[in-house]
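Each chain is listed here by its residues.
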Amino acid sequence: YDMLEPNDRIMVCISGGKDSATLLHLLLHLQSKLAKIGTPFELVAVHLNQNQPGYDNTQLVEWLDSLEVPFRIVTEDTYSIV
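Here the structure is a predicted model, which is why all the values come from computation and not from measurement. (Residues numbered from 1 in each chain as written. Predicted model: local features only at pLDDT ≥ 70, side-chain atom pairs only at ≥ 80, totals over all residues. Heavy atoms only, no water.)

*Asks:* So what exactly am I meant to see when it comes to the overall build of the protein chain here?
*Replies:* Regarding its fold elements, the protein chain presents two helices and three strands. Relative to the globule expectation of 12 Å for 82 residues, the C-alpha radius of gyration of the protein chain, 15 Å, shows a markedly less compact shape. Relative to its full complement of 82 residues, the protein chain shows a buried share of 24%. Approximately 6,100 Å² of the protein chain is accessible, and the part contributed by carbon and sulfur atoms is 53%. For the protein chain, the centre of its 5 positive side-chain charges and the centre of its 11 negative side-chain charges are spaced 8 Å apart. (Helix = DSSP H or I, 4+ residues; strand = E, 2+ residues; numbered from the N terminus. Rg over C-alpha atoms; globule rule 2.2 N^0.38 Å. Buried < 20%, exposed > 50% of the residue type's maximum accessible area, 1.4 Å probe, protein only. Areas by Shrake-Rupley, 256 points an atom, 1.4 Å probe, with all protein chains shown as cover. Lys, Arg positive; Asp, Glu negative; His and termini not counted. Charge placed at Lys NZ, Arg CZ, Asp CG, Glu CD.)

As structure tokens, this is what we get:
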């Protein structure tokens, strides 16, 4: 289906739950396989910090660091709006 082309950049939204974590792991595996056959692509993990009381994203950041995945934490106060 030609869904990936060489040097594409894919954003992976990470909630911190098992579904998005599994998706990231699968895409990392696919990234290593496709790079060997001439279809390299970039992954960028993005997490939305919604400013929920008591939420600490330290473990998520440490996990992403350990995977050596480029990431961005976006902070938006959606909690007080909802």
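*Asks:* Would you mind going over the packing of helix H1 (residues 18-36) against helix H2 (residues 58-67) with me for this structure?
*Replies:* The relative placement of two packed helices is expressed as an angle between their axes plus a distance between the axes. At their nearest, the axes of H1 and H2 sit 13 Å apart, and the two run at 10 degrees to each other. Accordingly, the angle class assigned to the pair H1 and H2 is roughly parallel. For the pair H1 and H2, contact is made by Ala21, Leu24, His25 and Leu28 and by Trp63, Leu64 and Leu67, respectively. In terms of residue class, the contact of H1 with H2 is made up of six nonpolar, one polar and no charged. (Axes fitted to C-alpha atoms, helices over the stretch in contact; angles between N-to-C directions. Parallel < 35°, antiparallel > 145°, perpendicular 65-115°, else oblique. Contact = heavy atoms within 4.5 Å. Nonpolar A, V, L, I, M, F, W, Y, C, P; charged D, E, K, R; others polar.)

*Asks:* It is not clear to me how H1 should be interpreted in this structure. Could you clarify?
*Replies:* Residue pairs three or four apart in sequence face the same way in an α-helix, which turns once every 3.6 residues. Across its 19 residues, H1 extends 28 Å between first and last C-alpha, which sits within 8% of the 27 Å expected from 1.5 Å per residue. Of the positions making up H1, those classed as buried are Ser20, Ala21, Leu24, Leu27, Leu28 and Leu34. End-on view of H1: buried residues confined to an arc of 155 degrees, all on one side of the axis. Residues of H1 that are exposed and angled more than 90 degrees away from the buried face: Lys18, Asp19, Leu26 and Lys36. Packing partners of the buried residues in H1 comprise strand E1 (8-13), strand E2 (41-49) and H2. (Expected span 1.5 Å × (residues − 1). Arc of directions from axis to C-beta.)

*Asks:* Help me out: how do you make sense of unusual backbone geometry in this one?
*Replies:* When glycine is set aside, most residues are seen to have a negative phi, and most peptide bonds are trans. Residue Asp2 is not a glycine yet carries a positive backbone phi of 55 degrees. You can see Asp2 is positioned in the segment before E1. The class of Asp2 is exposed, set by a relative accessible area of 71%. Positive phi values are uncommon outside glycine, yet Asn51 reaches one of about 60 degrees.

*Asks:* How should the sheet that holds E1 be read in this particular structure?
*Replies:* Strand order in the open sheet made by the three strands is E1-E2-E3, with parallel pairing throughout. Strands with a single pairing partner mark the edges of an open sheet, and in this sheet they are E1 and strand E3 (71-75). For this sheet the average axis-to-axis angle between neighbouring strands, irrespective of direction, equals 25 degrees. The pairing of E2 with E3 spans five bridges and is classified as parallel. In the strand pairing of E3, Asn49 is matched with Thr75. (Pairing = 2+ DSSP bridges.)

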